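# Close look at the chain arrangement
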Amino acid sequence: LWYGRAGKQGHEKAAAALKRLRLKEREKKPKPPEEKPKAKTPTLDELAVAAVKAELARHAEITKGAGVFSEVSLDQLRLYLKIPPRADVLLAHDDTWLKSGKNGFALASLGIYCREFFVPPVFTSWDAFIRLDLKYLDRFPYNIYLSDDSTICYFTADKKFLKSVLLPFWKDLQKRLRAD
């Protein structure tokens, strides 16, 4: 008690002793257990991003930023496919001859964006992609559709590549997302 009065009156030794006493009292008190942060449940968009990345790793013929998936016209594709700035583009294909970005498709963090020749752009959410069945008609135009007739893959460059590489990629991606 006299330490408290002496410390308030400016006695340095008493103030230091009081400080040590308070520290000892704090150490004696049991610390409350630390709460572990709860694991955040991933959103469908986050699961889709992980699935797309995993399938791209499995399908070596599909390389982001190279060959038919070059990103030289990505800004133009974003404009014509109406991809919002907040969406991360995971894979993009510009189907125009001069790479103007007017036609093609993109897999993005928010869903699938596609635009055919002289047709308004179509957005397909990951939820719709999971629910609807894939469709491929072996006649012109050689595109990949969903069962509601929305195009998700506009690719006129090479029918053989579309059928042997892209179609299995889309099927595997849908299968993985349905499993998750």
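Keep in mind that what you see is a predicted model, and the values were worked out from it rather than measured.

### Considerations on the confidence of the model for the protein chain
On average, the protein chain scores 87 in pLDDT, and the residues at 70 or more come to 88%. Mean pLDDT across the elements of the protein chain ranges from a minimum in helix α1 (residues 2-8), with 54, to a maximum in strand β4 (residues 122-125), with 97.

### Structural notes on the sheet that holds strand β3 (residues 111-115)
Read across the sheet, four strands follow the order β1-β2-β3-β4 without closing on themselves; strand pairing throughout is antiparallel. Edge strands, defined here as strands with exactly one partner in the open sheet, are β1 (89-94) and β4. Taking the axes of each pair of neighbouring strands and ignoring which way they run, one obtains an average angle of 10 degrees across the sheet. For β1 and strand β2 (residues 104-108), the ladder comprises five bridges, and the chain directions are antiparallel. Directly across from A92, in β2, lies its bridge partner A106. Of the strands in this sheet, β1, β2 and β3 touch helix α4 (residues 74-81), which is tilted by about 90 degrees from β1.

### Here's the deal with the nonpolar core
F129, I144, L166, W170 and L173 are the most contacted members of the largest nonpolar core, which has 35 residues in total. The element that contributes the greatest number of residues to this core is helix α6 (residues 159-179), accounting for nine residues. Once residues lying within four places of it in the same chain are set aside, the contact partners of I144 are L134, K135, Y136, S150, T151, I152, C153, L162, L166, L167 and W170.

What counts, and where the lines are drawn
Residues numbered from 1 in each chain as written. Predicted model: local features only at pLDDT ≥ 70, side-chain atom pairs only at ≥ 80, totals over all residues. Heavy atoms only, no water. pLDDT = per-residue confidence, 0-100. Helix = DSSP H or I, 4+ residues; strand = E, 2+ residues; numbered from the N terminus. Pairing = 2+ DSSP bridges. Axes fitted to C-alpha atoms, helices over the stretch in contact; angles between N-to-C directions. Contact = heavy atoms within 4.5 Å. Core = buried A, V, L, I, M, F, W, Y, C linked by side-chain atoms within 4.5 Å. Buried < 20%, exposed > 50% of the residue type's maximum accessible area, 1.4 Å probe, protein only.

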